[in-house]
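Residue strings, one per chain:
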Amino acid sequence: MRKLIAALLLLSVACAHAPRRSPALDAAAERRRLLELPPAILHKEARELMARGDWEAARLRLELYLAQAPDNAAAHFDAGWVAERLLDPKSAADLYSRALARDPAHVGAALNLARLQRNSPEEAEAVLRSALQRTPGEPRLLNALAEVLRSQHQLDQAEAAIRGVLERHPRDASAYRTLAAIEAGRGRVRLAESALNNARKLDPKDAGILNSLGLLAMRRDDLAAARGYFEEATRLDAACAAAWANLGALALRYRDYAAAEQAYLRATQVDPTRWEIHLARAWALEGLRKPREARAEYEKVLALDPHQDDALYGKALALKAEGDLEGALRAFKEYTALPKAGFLKEAQNQLAAIDLRLKSTAEAVRPVPGTAAVVQ
């Protein structure tokens, strides 16, 4: 018996682990170590970590670096890019604005800030026009301005901007792609296709051109051709998020939820900053009856755009499907409080049904008078 006890004691000792440091203490120690590094090394390490996709570690180093070198526009730009990858568009926009305040001619900061303001095209236009005052005729800025004007249906102004690019840079494939989008907006599909064919001759390795050809095919309701273009685009460039997303949209149209979910997953892996892709993936996951995973995607949408009502409604439905009635009740109440809730009647019906279920559950577990409640 003693041998058995001794053996058990030896096993318990062998399986015991050394005391672990608190994660908070480790983080504090790492922060102290980094503070001892020269600022130039901090920035260098941050960029190396960015190249490896270690966004949290890169953000910490950039934060410490900017505390010591607050006037470095390039570092603010890097920090903005890192914030985008960490799904923090508000911080990213602020950092890009700081980069522009320190270097008004920073083209990358202007382009990224304008892109983040795609839901406020007037603000995006103002950013691009301000940048063009510093660098007149810059083709990337003019191209982005044309896209913003097109989104506001100012097609003549958009064409004038992009023609300005083509006059100076007649071999700019991206300008032809933008011109194609403008012509498509006017309903001139043949002219749009002609512009894209010109772009493809100039840059046959641009997957975005194939994606645009796929979109034109969808306008013609030629879904087979569209799928072919999107698939060719992903083969040419596996990092073409738009093509993956469009493959997901085609699969979703046919209710092929498994294929749609996988395509949208690839798109979010390439570009996690687009709330529209996360929302579409959530719908595909709903179709697969995976409410927990769908809710995670809806929450990503809300992190990127807190006012996205479809995501809030979807989150409420997912919580209900998970059996979290209290959480669903709160989410539906938040949804019905929105000024323009598209599914207001449906949400009110859900609230009534959940309230009834919660009351029924409460009645079922209430102790009967004269009996003792069981304590577990």
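**A short note on the overall build of the protein chain**
Working step 1: Within the protein chain, the secondary structure is distributed over 21 helices and zero strands.
Working step 2: When the 376 residues of the protein chain are sorted by exposure, 41% land in the buried category.
Working step 3: Taking all contacts inside the protein chain whose residues are at least 6 apart in sequence as the whole, residues at least 24 apart take part in 46%.
Working step 4: Element-wise, carbon and sulfur atoms account for 54% of the exposed surface of the protein chain, whose accessible area totals about 21400 Å².

**Some words on helix H4 (residues 55-68)**
One turn of the α-helix equals 3.6 residues, which is why residues spaced by three or four share an orientation.
Working step 1: With 14 residues, H4 should cover 20 Å at 1.5 Å per step; its first-to-last C-alpha distance of 20 Å lies within 8% of that length.
Working step 2: Listed in full, the buried residues belonging to H4 are Trp55, Ala57, Ala58, Arg61, Leu62, Leu64, Tyr65 and Leu66.

**Focus: the packing of aromatic side chains**
Working step 1: This structure, assessed with the given rule, holds four aromatic pairs.
Working step 2: Centre to centre, the rings of Phe77 and Tyr96 are 5.6 Å apart; their planes meet at 45 degrees, and the pair counts as tilted. On the criterion of sequence distance, the pair formed by Phe77 in helix H5 (residues 73-85) and Tyr96 in helix H6 (residues 89-102) is long-range, its members being 19 residues apart.
Working step 3: Judged by relative accessible area, which is 0%, Tyr96 ranks as buried.
Working step 4: Summarising the aromatic geometry, the rings of Tyr313 and Phe343 are spaced 5.0 Å apart at their centres and angled 20 degrees between planes, so their arrangement reads as stacked. Remark: Phe343 occurs in the loop between helix H20 (325-336) and helix H21 (344-365) and Tyr313 occurs in helix H19 (residues 309-322); sequence separation between them is 30 residues.
Working step 5: Through a chain of ring-to-ring contacts, the aromatic side chains of Tyr313, Phe332, Tyr335 and Phe343 assemble into a single cluster.

**A closer look at unusual backbone geometry**
Working step 1: Backbone geometry places Asp221, a non-glycine residue, at a positive phi of 65 degrees.
Working step 2: With respect to the helices and strands, Asp221 occurs in the loop between helix H13 (207-219) and helix H14 (223-236).
Working step 3: Its identity is not glycine, yet Arg255 carries a phi of approximately 60 degrees, on the positive side.
Working step 4: Structurally, Arg255 can be placed in the loop between helix H15 (241-253) and helix H16 (257-270).

**A look at the environment of Ala160**
Working step 1: Considering the arrangement of structural elements, one finds Ala160 in helix H10 (residues 155-168).
Working step 2: A sequence separation of 18 residues divides Ala160 from Leu142, and the C-alpha atoms of the two residues are 9.7 Å apart.

**Description of the side chain of Asp206**
Working step 1: With respect to the helices, strands and loops of the structure, Asp206 is situated in the loop between helix H12 (189-202) and H13.
Working step 2: Note on Asp206: relative accessible area 16%, which makes it buried.
Working step 3: Side-chain polar atoms of Asp206 contact the backbone nitrogen of Gly208, separated by 2.8 Å.
Working step 4: Sequence-distant contacts of Asp206, defined by excluding residues within four places in its chain, comprise Arg177 and Leu236.

**Details of the packing of H13 against H14**
Working step 1: Packing of H13 against H14 brings their axes to within 8 Å, and their N-to-C directions diverge by 170 degrees. Relative to H14, the element H13 lies roughly antiparallel. Mapping the contact onto sequence places Ala207, Leu210, Asn211, Leu213, Gly214, Leu215, Ala217 and Met218 in H13 and Leu223, Ala225, Ala226, Tyr229, Phe230, Glu232, Ala233 and Leu236 in H14.

**Focus on the confidence of the model for the protein chain**
Any segment with low pLDDT has predicted coordinates that should not be analysed in fine detail.
Working step 1: In the predicted model, the protein chain carries a mean pLDDT of 89, and 89% of its residues have values of at least 70.
Working step 2: Under a pLDDT of 50 for its full length, residues 1-22 has, in the predicted model, two contacts with residues more than four places off or in other chains.
Working step 3: The model gives residues 368-376 a pLDDT under 50, and that stretch makes one contact with residues more than four places away or in other chains.

**Some words on the nonpolar core**
Working step 1: With 65 residues, the main nonpolar core has Leu141 and Ile162 as its most contacted residues.
Working step 2: In contact with Ile162, other than residues within four places in its own chain, are Asn143, Ala146, Ala175, Thr178, Leu179 and Ile182.
Working step 3: Judged by nonpolar contacts, the second largest core, of 24 residues, contains Ala328, Phe332, Ala347 and Ile354.

**Comments concerning the packing of H4 against H5**
Working step 1: Between H4 and H5, the least distance of the axes is 10 Å, while the angle of their chain directions is 150 degrees. Of the possible angle classes, the one that applies to H4 and H5 is roughly antiparallel. Helix-helix and strand crossings are classified by hand; for H4 and H5 the assignment is left-handed. Here Trp55, Ala58, Arg59, Leu62, Tyr65 and Leu66 of H4 come into contact with H5, specifically with Ala75, His76, Asp78, Ala79, Trp81, Val82 and Arg85.
Working step 2: Looking at side-chain class alone, the contact of H4 with H5 contains nine nonpolar, one polar and three charged residues.

**What to know about H6**
Working step 1: Between its first and last C-alpha atoms H6 spans 20 Å; for 14 residues at 1.5 Å apiece the expected length is 20 Å, and the two agree.
Working step 2: Taken as a whole, H6 has its buried residues at Ala92, Ala93, Leu95, Tyr96, Ala99 and Leu100. All buried residues of H6 fall inside an arc of 165 degrees around its axis, so they share one side. Among the exposed residues of H6, those pointing more than 90 degrees away from its buried face are Lys90 and Ala101.

**Brief notes about the environment of Gln133**
Working step 1: Note on placement: Gln133 falls in helix H8 (residues 121-134).
Working step 2: As for Gln133 and Ala105, which are separated by 28 residues in sequence, their C-alpha atoms are 8.8 Å apart.

Conventions and cut-offs
Note that residues are indexed from 1 along each chain, following the sequence as it is written. A pLDDT threshold of at least 70 governs which residues receive local features in this predicted model, and a stricter bar of 80 or more applies before side-chain atom pairs are shown or counted, although totals over entire chains, interfaces and linings include all residues. Excluding hydrogens and water, the side-chain figures rest on all heavy atoms present in the structure. Strands are runs of DSSP state E lasting at least 2 residues, helices are runs of H or I lasting at least 4, and numbering of each runs from the N terminus. Accessible area is worked out with a 1.4 Å probe on protein chains only. A residue is then buried under 20% of its type maximum, exposed over 50%, and partly exposed in between. Residue contacts follow a heavy-atom distance rule, with two residues in contact if any of their heavy atoms lie within 4.5 Å. Accessible surface area values rest on a Shrake-Rupley calculation with a 1.4 Å probe, where residue burial reflects the displayed protein chains alone. Take the residue count of a helix, subtract one, and multiply by 1.5 Å to get its expected span. When two rings of Phe, Tyr or Trp (its six-membered ring) have centres within 6.5 Å they constitute a pair, described as stacked for plane angles under 30 degrees, edge-to-face for angles over 60, and tilted for the intermediate range. We define a polar contact as two N or O atoms separated by no more than 3.5 Å, with the added condition that, inside protein, one atom must be a possible hydrogen donor and the other a possible acceptor, whereas residues neighbouring each other in sequence contribute only through side-chain atom pairs. Under this scheme, a helix contributes an axis fitted over its contacting stretch, all axes are lines through C-alpha atoms, and angles between N-to-C directions fall in the 0 to 180 degree range. What sets the label is the angle itself: under 35 degrees gives roughly parallel, over 145 gives roughly antiparallel, 65 to 115 gives roughly perpendicular, and the rest give oblique. Residue-level confidence of the predictor is what pLDDT reports, using numbers from 0 through 100. Buried Ala, Val, Leu, Ile, Met, Phe, Trp, Tyr and Cys residues form a nonpolar core when they are joined through side-chain atoms within 4.5 Å. Crossings are classed by handedness, with left-handed meaning an anticlockwise turn of the near helix from the far one by less than a right angle and right-handed meaning a clockwise turn. As a working rule, the residues Ala, Val, Leu, Ile, Met, Phe, Trp, Tyr, Cys and Pro are called nonpolar, Asp, Glu, Lys and Arg charged, and the rest polar, with Gly in that last group. Think of it as the arc spanned by the lines of direction from the helix axis to the C-beta atoms.

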